[in-house]
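Tertiary structure, described
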Amino acid sequence: KLENATIKAELGRASWKLLHTMMARFPDKPTEDDSLALKTYMQLFSRLYPCGDCARHFQGLLKKYPPQVSSRNAAAGWACFMHNQVNERLHKPLFDCNNIGDFYDCGCGDEDKDKDK
Ligand code: FAD
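Throughout what follows, the structure given in this document is the object of discussion. Each chain has its residues counted from 1, following the order in which its sequence is written. Owing to the predicted nature of the model, reporting of local features is limited to residues with pLDDT of at least 70; listing and counting of side-chain atom pairs is limited to 80 or more, with chain, interface and lining totals taken over all residues. With hydrogens and water excluded, all non-hydrogen atoms of the structure serve as input to the side-chain values.

**Some words on the packing of helix α3 (residues 52–64) against helix α4 (residues 72–89)**
Describing two packed helices takes the angle between their axes plus the distance from one axis to the other. Just so we agree on the cut-off: Between N-to-C directions, angles span 0 to 180 degrees; the directions come from axes that are lines fitted to C-alpha atoms, helices contributing only their stretch in contact. Helix numbering and strand numbering both begin at the N terminus, where a helix is a DSSP run of H or I of at least 4 residues and a strand a DSSP run of E of at least 2. Our angle categories are set so that under 35 degrees counts as roughly parallel, over 145 as roughly antiparallel, 65 to 115 as roughly perpendicular, and the remainder as oblique. By the definition used in this description, the sense in which the near helix is turned from the far one sets the handedness, with an anticlockwise turn below a right angle giving left-handed and a clockwise turn giving right-handed. Any two residues whose heavy atoms approach within 4.5 Å are treated as being in contact.
Two elements in contact, α3 and α4, have axes separated by 11 Å at closest approach and are oriented at 130 degrees. Our classification of the angle between α3 and α4 gives oblique. Judged by the twist between their axes, the crossing of α3 over α4 is right-handed. Contacts between α3 and α4 involve H57, F58, L61 and L62 on the former and, on the latter, W78, M82, Q85, V86 and R89.

The structure is reproduced here in structure tokens:
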């Protein structure tokens, strides 16, 4: 099948949105099990990501820059950095990771027990 860049980009946007929103909800003080879950999730995500070239490249990035899973800030900063690595490769503008704080909101409306506000 021919590559369809529009569909591929849509998949990318949806995936990044989910990833960054997950990081924004990751515990400030994760348990070992939380941290292992995120590490495992990222490994499996990079393995199963439907765009094969993207997946291969992202697996390489993961080896070079292992997931930071010690806190919400660490995880969100790491994911932002990883996305910027991909942005750079695709010649897209870089995102200022200092502004990631409230950018990704799950809209869940439920109490975030891990957030002290
Ligand atoms: P996207 O890069 O999809 O970003 C969406 C929005 O996220 C932006 O508009 C901005 O508001 C915000 N954002 C941008 N940078 C950051 C950041 N660093 N941190 C937080 N938020 C940010 N496409 C390819 O063609 N080749 C590839 O090899 C490839 N690899 C990919 C690997 C992965 C793991 C993923 C998830 C996607 C990959 N993609 C790849 C898709 C590509 O990254 C884009 O998603 C797609 O090209 C659409 O780009 P976009 O300009 O709409 O913005």
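**Brief notes about the pattern of salt bridges**
We count it as follows: What counts as a salt bridge is simple: a side-chain nitrogen of Lys or Arg found within 4 Å of a carboxyl oxygen of Asp or Glu. When accessible area is computed with a 1.4 Å probe and restricted to protein chains, residues below 20% of their type maximum are described as buried, those above 50% as exposed, and intermediate ones as partly exposed.
For the structure shown, the criterion picks out four salt bridges. Close ionic contact of R72 with D28 constitutes a salt bridge, the shortest N to O distance being 4.0 Å. Taken together, the positions of R72 in helix α4 and D28 in the loop between α1 (5–24) and α2 (32–48) put the pair 44 residues apart, joining distant regions of the chain. For R72, a relative accessible area of 7% puts it in the buried group. The exposure class assigned to D28 is partly exposed, which follows from its relative accessible area of 29%. Of the charged contacts in the structure, one is a salt bridge between D53 and R56, with a shortest N-O distance of 2.9 Å. Note that D53 and R56 are positioned in helix α3 at a spacing of three residues, about one turn of the helix. Given a relative accessible area of 56%, R56 falls into the exposed group.

**Here's the deal with the environment of Y104**
Mapped onto the elements, Y104 comes out in the segment after α4. Relative accessible area serves as the criterion here: at 16%, Y104 is assigned to the buried category. For the pair formed by Y104 and L18, sequence separation is 86 residues and the distance between their alpha carbons is 9.1 Å. In this structure Y104 touches K17, H20, T21 and A24, once residues within four positions along its chain are discounted.

**Quick look at the nonpolar core**
The nonpolar side chains of a soluble globular protein tend to be buried with one another. So the rule is basically this: Nonpolar cores were defined as sets of buried Ala, Val, Leu, Ile, Met, Phe, Trp, Tyr and Cys residues, with membership established by side-chain atoms within 4.5 Å.
The biggest cluster of nonpolar side chains holds 20 residues, and the ones touching the most others in it are M23, L38, M42, F58 and W78. Of all the secondary-structure elements, those providing two or more residues to this core are α1, α2, α3 and α4. Here the element with the most residues in this core is α4; it accounts for six residues. What W78 contacts, discounting residues up to four positions off in sequence, is M23, M42, L62, Y65, P66, P67 and Q68.

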